[in-house]
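# Analysis of the macromolecular model
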Amino acid sequence: MKRSIFSLYLLFLGLSSVFSQSISWNKVYQDYFDNYKDVAIGQMKQYGIPASITLAQGVLESGAGRSELARKSNNHFGIKCNGWTGRKAYHDDDALGECFRAYDNALDSYIDHSLFLKNSQRYSRLFQLKTTDYKGWARGLKACGYATSPTYASRLIEIIELYSLDKYDKGGGGSVFVSSSPVSRQSFSQPALHQINQFNDNYYVVARQGDTFKSIGEDVHVDYRQLAKFNERDKNDALEEGERIWLKKKRRRAPKEYKGYVYRVEAGESMYSISQRFGIRLKNLYKMNELSPDYIIQVGDPLRIR
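Let me sum up the structure you'll find in this document. Predicted, not measured: the structure shown is a model, and the values here were computed from it. (Residues numbered from 1 in each chain as written. Predicted model: local features only at pLDDT ≥ 70, side-chain atom pairs only at ≥ 80, totals over all residues. Heavy atoms only, no water.)

Time to look at the overall build of the protein. Of the regular secondary structure elements, the protein holds eleven helices and seven strands. Within the protein, the fraction of its 306 residues that count as buried is 47%. At a minimum sequence separation of 6, the contacts of the protein that also span at least 24 residues come to 61%. Carbon and sulfur atoms form 50% of the exposed surface of the protein, whose accessible area is close to 16,200 Å². (Helix = DSSP H or I, 4+ residues; strand = E, 2+ residues; numbered from the N terminus. Buried < 20%, exposed > 50% of the residue type's maximum accessible area, 1.4 Å probe, protein only. Contact = heavy atoms within 4.5 Å. Areas by Shrake-Rupley, 256 points an atom, 1.4 Å probe, with all protein chains shown as cover.)

A few words now on the packing of helix H3 (residues 51-62) against helix H5 (residues 106-118). At a closest axis distance of 12 Å, the pairing of H3 and H5 adopts a crossing angle of 115°. Our pair here, H3 against H5, has a crossing hand that is right-handed. Side by side, H3 and H5 meet where Thr54, Leu55, Gln57 and Gly58 of the first sit next to Tyr110, His113 and Leu117 of the second. Split into classes, the residues belonging to the contact of H3 with H5 amount to three nonpolar, four polar and no charged. (Axes fitted to C-alpha atoms, helices over the stretch in contact; angles between N-to-C directions. Left-handed = near helix turned anticlockwise from the far one by under 90°. Nonpolar A, V, L, I, M, F, W, Y, C, P; charged D, E, K, R; others polar.)

Another aspect to go through is the pattern of salt bridges. Scanning the model with the defined rule gives 14 salt bridges in all. Residue aspartate 31 pairs with lysine 27 through a salt bridge whose shortest N-O separation is 2.8 Å. With a gap of four residues between them, aspartate 31 and lysine 27 both fall in helix H2 (residues 27-47), about one helical turn apart. For the salt bridge of glutamate 68 with lysine 72, the shortest nitrogen-to-oxygen distance reads 3.2 Å. Residue glutamate 68 and its partner lysine 72 are located together in helix H4 (residues 68-73), separated by four residues, close to a single helical turn. Given the relative accessible area of 56%, lysine 72 is considered exposed. Shared partners join several salt bridges into a network, and the residues in it are Asp104, Asp108, Asp201, Lys248 and Arg251. (Salt bridge = Lys/Arg side-chain N within 4 Å of Asp/Glu carboxyl O.)

The next subject is the sheet that holds strand S4 (residues 202-206). Strand order across the open sheet formed by three strands is S3-S4-S5, with antiparallel pairing between neighbours. One side of each edge strand has no neighbouring strand; the edge strands of this open sheet are strand S3 (197-199) and strand S5 (244-246). Recorded for the sheet is a direction-independent mean angle of 45° between the axes of neighbouring strands. Relative to S4, S3 runs antiparallel, the two sharing three bridges. Counterpart to glutamine 198 in the pairing with S4 is tyrosine 203. Strand contacts of helix H10 (residues 271-278): S3 and S5, with the helix running at about 65° to S5, the strand carrying the most contacts. (Pairing = 2+ DSSP bridges.)

The tally for this structure, following the rule as stated, stands at one disulfide. Disulfide partner of cysteine 81: cysteine 99, at an S-S distance of 1.9 Å. Residues cysteine 81 and cysteine 99 are joined through a disulfide that is left-handed, its torsion about the S-S bond being -65°. Of the two residues, cysteine 81 is situated in the loop between H4 and strand S1 (88-91) and cysteine 99 in strand S2 (residues 98-101); the sequence distance between them amounts to 18 residues. For the pair cysteine 81 and cysteine 99, a shared accessibility class is recorded, and that class is buried. (Disulfide = S-S within 2.5 Å.)

Our focus in this paragraph is the packing of aromatic side chains. Taken as a whole, this structure holds 18 aromatic pairs when the rule is applied. Taking 5.9 Å as the distance between ring centres and 50° as the angle between the ring planes, the aromatic pair formed by phenylalanine 116 and tyrosine 123 counts as tilted. When the ring of phenylalanine 199 is compared with that of tyrosine 258, the centres are 6.5 Å apart and the planes differ by 80°; the resulting orientation is edge-to-face. Residue phenylalanine 199 is located in strand S3, and its partner tyrosine 258 is located in the loop between S5 and strand S6 (262-264); the two are separated by 59 residues in the primary sequence. A cation over an aromatic ring shows up here: lysine 214 above the ring of tyrosine 224, its NZ or CZ 5.7 Å from the ring centre. (Phe/Tyr/Trp six-rings, centres within 6.5 Å; stacked < 30°, edge-to-face > 60°. Lys NZ or Arg CZ within 6 Å of the ring centre and 35° of its normal.)

What follows is the structure, encoded as C-alpha cells:
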C-alpha cells in the first residue's frame, strides 16, 4: 500500500513537471497582443499569413518585445541577415555573434516578417493553407525550418489557444501598412489594391492607371500629403502608370551592393525617375555626381548612385 502511494506520488511529480513547462497566461503577453493585433490583421489581409500565427511568433521570438534583439534592434521575429542590405545587429543564437536584421521600429519588423515568408520559396507551400488553419501553419513553419526547437509548433499552437488569438484570423479591423510616419488607424474590410514591395531599406508600391497620391494613401493608410513629400512631389500631381511610389522618406543613396557601380542613363530617363527607381533623394543624387539641379542628363551619362 505504501509502495503504491509512493508510486502515485512520483507520477504526480512527473505530471506536475510536464505541466509546469506549459505556457500560462500573463498580462505581459496579453498587452503585447493588444498592441500589435491590428498590425497582424492588416498583414494577414495583405499577404495571407494568419494574424494568430504572426502574433504568436512575435511574442515567442521577442519575449513579448522584451528581448535584447527586440529592444535594441526592433527585431520581433528573430530574422537573420540572409542577404539583408539594411541595418544589422549581432547577437548570440545558434552560434556566437550571428547577424540579425535591425529595423527603425517594431512595425517595420512586422512588415519584413510578411515579406520574408511571402517571398521565400521555402515557405511557399504554407500559402496554400487557409488563414484559419493556424495549426497547419504552425507545423508548416517548423517543418520548413523557421526554428530549430522541436517544440516550436506546439508552443505556437498553445499560445494561440490560450489567448484565443484565432479570433483575429476572422479578419476584423487592422491596418495594411504602418510606417514611422503619421498613419491613419481606421479599420477596413477589404484587402489592399497595391502590393507593397521592399527595396533600399524602404517600401514602395507601383502606381496603376488613374492612381493619385490620395488613392494610394487611402489604400495603404498613409496620409497622402505625407506620401507626396516622401516622393518629392506636390500632393495634386498626376501619377504615371508603373512608377514607384515610396511609402517612407527616400534614402540618401542606393543599397550597399551598388558600391562602385556606375549607372548609365537610358532613353527617356530623368534625374528624378532614376532617383525614384533606386529610392534615392533627388538632391543627394545630384550631390553624389557633383551636378547642378539645372543640368540636363543625356543618354549614356555615367551616374554614381551610392
